[in-house]
Amino acid sequence: MAPVHPNLRAALHHLPAHLPIPVPRQFGRAGKRHMSEKNSLVILVVTPGCDQFPSLESVENYTLTVNDEQCFLLSETVWGALRGLETFSQLVWRSPEGTFYINKTEIEDFPRFPHRGLLLDTSRHYLPLASILDTLDVMAYNKFNVFHWHLVDDSSFPYESFTFPNLTKKGSYNPATHIYTAQDVKEVIEYARLRGIRVLAEFDTPGHTLSWGPGVPGLLTPCYSGSHPSGTFGPVNPALNNTYEFMSTFFLEISSVFPDFYLHLGGDEVDFTCWKSNPDIQAFMKKKGFGEDFKKLESFYIQTLLDIVSAYGKGYVVWQEVFDNKVKVQPDTVIQVWREEMPVRYTKEMELVTSAGFRALLSAPWYLNHITYGPDWKNIYMVEPLAFEGSPEQKALVIGGEACMWGEYVDSTNLVPRLWPRAGAVAERLWSNKMLTNLDFAYKRLAHFRCELLRRGVQAQPLSVGYCDVEFEQT
Amino acid sequence: MAGSALWFSLLLAAAFAGRATALWPWPQYIQTSEQRYTIFPHTFQFQYHVSSAAQVGCSVLDEAFQRYRDLLFGSVSFHFPQPMGKRHMSEKNSLVILVVTPGCDQFPSLESVENYTLTVNDEQCFLLSETVWGALRGLETFSQLVWRSPEGTFYINKTEIEDFPRFPHRGLLLDTSRHYLPLASILDTLDVMAYNKFNVFHWHLVDDSSFPYESFTFPNLTKKGSYNPATHIYTAQDVKEVIEYARLRGIRVLAEFDTPGHTLSWGPGVPGLLTPCYSGSHPSGTFGPVNPALNNTYEFMSTFFLEISSVFPDFYLHLGGDEVDFTCWKSNPDIQAFMKKKGFGEDFKKLESFYIQTLLDIVSAYGKGYVVWQEVFDNKVKVQPDTVIQVWREEMPVRYTKEMELVTSAGFRALLSAPWYLNHITYGPDWKNIYMVEPLAFEGSPEQKALVIGGEACMWGEYVDSTNLVPRLWPRAGAVAERLWSNKMLTNLDFAYKRLAHFRCELLRRGVQAQPLSVGYCDVEFEQT
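Residues numbered from 1 in each chain as written. Chains lettered and ligands numbered in written order. Predicted model: local features only at pLDDT ≥ 70, side-chain atom pairs only at ≥ 80, totals over all residues. Heavy atoms only, no water.

**Brief notes about the overall build of chain B**
What chain B contains, in helices and strands, is 17 helices and 17 strands. The C-alpha radius of gyration of chain B comes to 25 Å, within 12% of the 24 Å expected for a compact globule of 529 residues. C-alpha extents for chain B along the principal axes are approximately 90 × 50 × 45 Å. Buried residues in chain B amount to 60% of all 529 residues. Restricting the contact set of chain B to residue pairs at least 6 apart, pairs at least 24 apart contribute 74%. Here chain B carries 44 positive and 58 negative side-chain charges, and the mean point of each set is 2 Å from the other. (Helix = DSSP H or I, 4+ residues; strand = E, 2+ residues; numbered from the N terminus. Rg over C-alpha atoms; globule rule 2.2 N^0.38 Å. Buried < 20%, exposed > 50% of the residue type's maximum accessible area, 1.4 Å probe, protein only. Contact = heavy atoms within 4.5 Å. Lys, Arg positive; Asp, Glu negative; His and termini not counted. Charge placed at Lys NZ, Arg CZ, Asp CG, Glu CD.)

**Some remarks on the UniProt feature "domain: Glycoside hydrolase family 20 catalytic" (unreviewed entry) in chain B**
The positions UniProt marks with the feature "domain: Glycoside hydrolase family 20 catalytic" (unreviewed entry) are residues 167-487 of chain B. Span residues 167-487 of chain B is 38% helix and 19% strand, its end C-alpha atoms 10 Å apart. (UniProt positions renumbered as here; feature names shortened; annotations may be inferred.)

**Observations regarding the UniProt feature "domain: Beta-hexosaminidase eukaryotic type N-terminal" (unreviewed entry) in chain A**
Annotation from UniProt places "domain: Beta-hexosaminidase eukaryotic type N-terminal" (unreviewed entry) at residues 39-91 of chain A. Annotated as residues 39-91 of chain A, this span is 26% helix and 26% strand, and its ends, taken at the C-alpha atoms, are 15 Å apart.

**What to know about the state of the cysteines**
Residue and element names in this part refer to chain A. According to the stated counting rule, one finds 5 disulfides over all chains in the structure shown. The partner cysteine of Cys451 in its disulfide is Cys468, sulfur to sulfur 2.0 Å. In this structure the cystine formed by Cys451 and Cys468 twists about its S-S bond by roughly -85°; its chirality is therefore left-handed. Remark: Cys468 occurs in the segment after helix H16 (439-455) and Cys451 occurs in helix H16; sequence separation between them is 17 residues. Each bonded cysteine of chain B gets a number by its place in the sequence, and the pairs then read 1-2, 3-4, 5-6. (Disulfide = S-S within 2.5 Å.)

**Examining empty space enclosed by the protein**
Within this structure, the stated rule accounts for 6 cavities of 30 Å³ or more. Every residue lining the largest cavity is counted, 32 residues in all, and those nearest its centre are Ile371, Arg418 and Gln461 of chain A together with Ile425 and Arg472 of chain B. The set of elements that each furnish at least two residues to the lining of the largest cavity consists of helix H14 (415-419) of chain A together with helix H15 (469-473) of chain B. Class assignment of the residues belonging to the lining of the largest cavity gives a composition of 18 nonpolar, 8 polar and 6 charged. (1 Å grid on protein atoms, 1.4 Å probe; cavity = no way out; pocket = protein on both sides within 12 Å on 5 of 7 lines; lining within 4 Å. Points joined across faces, edges and corners; volume = space filled by probe spheres on them. Nonpolar A, V, L, I, M, F, W, Y, C, P; charged D, E, K, R; others polar.)

**Some details on the environment of Glu482 of chain B**
Residues and elements named next belong to chain B. Take Glu482: it is sitting in helix H16 (residues 476-485). Taking the C-alpha atoms as reference points, Glu482 and Ala496, 14 residues apart in sequence, are found 9.3 Å from one another. Leave out the neighbours within four places in its chain, and Glu482 touches Trp24, Pro25, Trp26, Tyr435, Leu490 and Arg499. There is a polar contact of 2.7 Å between the side chain of Glu482 and the side chain of Arg499. (Polar contact = N/O pair within 3.5 Å; in protein donor to acceptor, adjacent residues only side chain to side chain.)

**Notes on the side chain of Ser211 of chain A**
Residues and elements named next belong to chain A. Within the secondary structure, Ser211 sits in the loop between strand S9 (198-205) and strand S10 (220-225). Given the relative accessible area of 4%, Ser211 is considered buried. Looking at Ser211, its side chain comes within polar contact range of the main-chain oxygen of Asp153, at 2.6 Å. Looking at Ser211, its side chain comes within polar contact range of the main-chain oxygen of Ser156, at 3.4 Å. In this structure, Ser211 is in contact with Asp153, Asp154, Ser155, Ser156, Phe157, Leu167 and Gly171, ignoring residues within four places of it in sequence.

**Overview of the packing of helix H2 (residues 59-73) of chain B against helix H3 (residues 132-145) of chain B**
Residues and elements named next belong to chain B. Their axes nearest at 11 Å, the elements H2 and H3 cross at an angle of 10°. Here H2 lies roughly parallel to H3, going by the angle between them. Residues Val60, Leu61, Ala64, Phe65, Arg67, Tyr68 and Leu72 of H2 form the contact with H3, whose own contacting residues are Val132, Trp133, Ala135, Leu136, Leu139, Glu140, Phe142 and Ser143. Residues of the contact of H2 with H3, tallied by class, amount to 12 nonpolar, 1 polar and 2 charged. (Axes fitted to C-alpha atoms, helices over the stretch in contact; angles between N-to-C directions. Parallel < 35°, antiparallel > 145°, perpendicular 65-115°, else oblique.)

**Quick notes on the nonpolar core**
Grouped together as the largest cluster of nonpolar side chains are 134 residues, with contacts concentrated most on Leu61, Phe142, Phe257, Phe312 and Trp474 of chain B. In contact with Leu61 of chain B, not counting residues within four places along its chain, are Tyr48, Ala54, Ile97, Val99, Val132, Ala135, Leu136 and Leu139 of chain B. If you look at the next biggest cluster of nonpolar residues, it comprises 91 residues, including Phe144, Tyr346, Ala360 and Leu453 of chain A. (Core = buried A, V, L, I, M, F, W, Y, C linked by side-chain atoms within 4.5 Å.)

**Observations concerning the layout of surface pockets**
Here the largest pocket defines a volume of roughly 1600 Å³. The wall of the largest pocket is formed by 40 residues, among which Gln90, Arg445, His448, Phe449 and Glu452 of chain A lie closest to the centre. Broken down by secondary-structure element, the contributors of at least two residues to the lining of the largest pocket are helix H2 (78-91), strand S4 (93-94), strand S6 (105-109), helix H15 (422-431) and H16 of chain A. Residues belonging to the lining of the largest pocket are distributed by class as follows: 20 nonpolar, 9 polar and 11 charged. Of the residues that make up the lining of the largest pocket, three or more belong to each of domain 1 (6-109) and domain 2 (115-437) of chain A. Computed from the structure, the second largest pocket encloses a volume of approximately 1300 Å³. Forming the boundary of the second largest pocket are 43 residues, of which Cys505, Glu506, Arg509, Asp523 and Val524 of chain B lie nearest the centre. Broken down by secondary-structure element, the contributors of at least two residues to the lining of the second largest pocket are H2, H3, strand S6 (147-148) and helix H17 (493-509) of chain B. Looking at the lining of the second largest pocket element by element, the count peaks at 9 residues for H17 of chain B. (Domains from an automatic or database assignment.)

**What about unusual backbone geometry?**
For the peptide bond that leads from Trp24 of chain B to Pro25 of chain B, omega is -10°, which places it in the cis range. Mapped onto the fold, Pro25 of chain B is located in the loop between helix H1 (3-15) and strand S1 (29-39). In this model, Thr259 of chain B is joined to Pro260 of chain B through a cis peptide bond whose omega is 0°. You can see Pro260 of chain B is positioned in the loop between strand S10 (252-259) and strand S11 (274-279). Its identity as a non-glycine residue notwithstanding, Lys143 of chain A has a phi of 65°, on the positive side. Positionally, Lys143 of chain A belongs in the loop between helix H3 (129-141) and strand S8 (146-150). A relative accessible area of 10% places Lys143 of chain A in the buried class. Of note, Glu269 of chain A is a non-glycine position whose phi angle comes to about 45°, a positive value.

**Some thoughts on H3 of chain B**
Given 3.6 residues to a turn, an α-helix orients residues that are three or four positions apart in the same direction. Taking 1.5 Å per residue as the helical rise, H3 of chain B with its 14 residues ought to reach 20 Å, and the 20 Å between its terminal C-alpha atoms agrees with that figure. Where H3 of chain B starts, the residue carrying a side-chain oxygen 3.2 Å from the main-chain nitrogen of Trp133 of chain B turns out to be Thr131 of chain B. (Expected span 1.5 Å × (residues − 1).)

**Quick word on the sheet that holds strand S2 (residues 62-66) of chain A**
Residues and elements named next belong to chain A. The strand order across the open sheet formed by 4 strands is S1-S3-S2-S6, and the pairing between neighbours is mixed. Since the sheet does not close on itself, it has two edges, and those belong to strand S1 (42-45) and S6, each with one partner. Averaged over all adjacent pairs, the angle separating strand axes in this sheet is 10°, with direction ignored. Where S2 lies against S6, 5 bridges are found, and the strand directions are antiparallel. Within S6, the position partnered with Thr65 by the bridge is Glu106. The strands that H2 touches are S1, S2, strand S3 (71-75) and S6; relative to S2, the one it contacts most, it runs at about 35°. (Pairing = 2+ DSSP bridges.)

**With respect to the packing of helix H4 (residues 183-195) of chain B against helix H6 (residues 236-247) of chain B**
All names here are of chain B. Interhelical geometry of H4 versus H6 gives an angle of 10° and a closest axis separation of 10 Å. Between H4 and H6, the angle is such that the two are roughly parallel. Across from Leu183, Ile186, Leu187, Leu190 and Asp191 in H4, the residues of H6 making contact are Asp238, Glu241, Val242, Tyr245 and Ala246. Residues belonging to the contact of H4 with H6 are distributed by class as follows: 7 nonpolar, no polar and 3 charged.

**Quick look at the environment of Cys104 of chain B**
For Cys104 of chain B, the position within the fold is in the loop between strand S3 (94-99) and strand S4 (116-120). Dropping the residues within four chain positions of it, Cys104 of chain B is found in contact with Cys58, Ser59, Val60, Val132 and Arg247 of chain B.

**Details of the domain arrangement of chain B**
All names here are of chain B. Each assigned domain of chain B is listed with its residue range as follows: domain 1 (19-73 + 89-163) and domain 2 (169-507). Computed over C-alpha atoms, the centres of domain 1 and domain 2 are 34 Å apart. The interface is formed by 29 residues belonging to domain 1 together with 35 residues belonging to domain 2. Looking only at domain 1, the three residues that lose the most surface to domain 2 are Trp24, Leu110 and Arg137, adding up to 29% of its buried area. Where domain 1 packs against domain 2, one counts 1 salt bridge. Between Glu114 and Arg170 there is a salt bridge whose closest N-O contact spans 2.7 Å. In this assembly, domain 1 and domain 2 are joined by 16 residue pairs in polar contact (both at pLDDT 80 or more). Those elements that place two or more of their residues in the side of domain 1 that touches domain 2 are H2 and H3. In terms of residues, the side of domain 1 that touches domain 2 owes the most to one element, H3, which gives 6 residues. (Buried area = accessible area lost by both parts, 1.4 Å probe. Salt bridge = Lys/Arg side-chain N within 4 Å of Asp/Glu carboxyl O.)

What follows is the structure in structure tokens.
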């Protein structure tokens, strides 16, 4: 049906049957509707699921047909319809005179990888809710479908926990202003869902947890200087039962707040120095027969945590150290590869992870916080996630990747220009056909897309010398 | 000031990590104390001292008073509790300004005296300066001294400041050719420059990519050279607006029209101006630098620079002269013939010199001085002794510190930019490297070093436009601002970090989209309205 003004609809009921039904007229248009006009896009979704959440298994396929007979979007699911709507919005163009057009087009589309993510770090710098929601908008324009929310870390704990409110009260930068309330979190999850974006929440332990300390005394390991506590703290203390009781309760909350099947449990960069210095930990190591191998202690902690989280019916993603340190994990664990050169080049790591039968996410070459002078979008674009030695079955274990925007030097003042359009290069690499490697073709489209982002009000930075019809001006 | 006085003030400031440490750039001499005075926004006024050469009607200061009122108290509603009863000893309800020398309707210059003293004690709240430009610097400092308690009360601590800039030329370059910058971006930048006590806006108006400057003597330059003559240009009105907006902030506008290289965008509007490159014996269709072999070229430059000299009031113009690629000249038979005629042999530096010298004579005849990029000096162009050389190349032909030595030892004044290319971004806290540059760290006599008149932070536009200009400029450019204003001995990075991080939060409060220095937070984070 063509869209009809409500008043007109009411008026239609009062018209005698023999009078022609007035058709809403376009300004300046005379006479009959043309063959060469499209006044609707018809959407057909095959499978119901409107009230569900997108998942790793969601089918995002769609076809778009614009010809003399049809203007038709067909998709398996509502998520595919969202992808098709975005494509449709990019097909419509405007002439210099101002008329809107769409060309005759036939599109069959589906993503190459099912997990196409973007990581934001809200611990190093608090990001206002609006920044997160705006990011979800632009993710949707780029067909990203996972928001990896690195909520807390050493620097601050902005997540408002209801089971342990002191975590937030004492761990946030400012509990009055720099937190995400339960309402905020709900809002992010729903805003994402409406855009077909999954929220993958990360609560990184046992390292990266300094901000948890003030709210939960005894959680972190007290570091020792000789035989006395030095006053500083290290990773979560794996030697205490309390620790696991805490994690049980805390992750019960997290499992209920975040609806996605997967949680990200972190596990990266665990510094053993503090553990080593602590006499209780030393005693625990002895009791457990771990010898001097702290990787075994790390494994013990992580395995216990993974069992806790599994019992809540969640799957999990972990950083590669969990795999590198030979922690015993469930076979359906997803390993996120982030380290460029250590312990091996990331391409080699992808090979090792998949050859051990685990699913992999690639992030190592996509650390967007690592800025340099010049058109680095090209390097980002030219990454081939499956460029490693392995069988087709192995390569099928690569479920996608994530662009990461760590927050040490990033907050709401520079997030948007630093993210876009560079993250777009990752988006295409994860959605489009592997053979799309021509940089000139990519540049042309990405530069155009960047101007479109500006038109949509996104403060996306330039790719290189040039201009857009309307430059960015803050209103 | 004596080193010991500086140390004293540093120690004092470090001693209480409170209000006075929140100054950027750090004054030459400051004494402060815990004693504080209350300020009530509704009764507080900026007042001219009866003996001041500047009085009401002095637009520079009248408007500054309004601006600083807004910056200080703009967010305060007028229903804030009124003070009761008599004025207290512990209250300051005005800042009295005394400017010694008139000059309100003038333009700032390289010779402007920017000294000021600020005295806040039981008896006075007083700003004394030689000129209106110094008063502007003092007003900015004053605005950074006022602080607000968690309850919302405004205070200023007992303070004594004597301040003046270490270098007289403290500039920022914007490139409006690689990307057009909306007028608002330029004006906003001038605002933040004033917060940082920058005093020169080096406007690199045109280049290869586009010609956005609206020329009235050669309108085709703009019509055919701009990205879009309807939307991506600076009209005569725009240019006037920039110049006046800058003047009101004590900022000079140093306009650059870079030739003979970097001129591709001039070609479409002035056929015959650029050198046609040759492929063998035929023109290849591409163009190179301005053609130095034609009389027309110099007629054009004469007329064009007459316009520029009249539009831009500063004594100095920047004439460019960088990165002249000789390949195209070499390929062109007319140029080859000209080289022979002039007896230049195979040395194209001599041809370059010939062009530049003629141009410099043209510009001198219009009563202007000029700044040029270092190649003009490196290629031994004969220039007037009062030419200013801008050193921008980090390693070639020599390390920039060596270049500073060579330029000053030849008797020319120098501007340092090489280590301050802010468009060269990297991951991490690069503000430290920017801050730790010492402009006079080269071998030379005191007279030589006195020839270094300052420096400029450069934000070239290949990858920069209005979407990322502000976070990329600030607070990093602030590191240059302090290096050029403050005492040479200020090299403690912890002290600098503390103040710059605080200043960055203040910039946010003032609505500037300045990016973070490192992990942390500001009371109010940036949200676009």
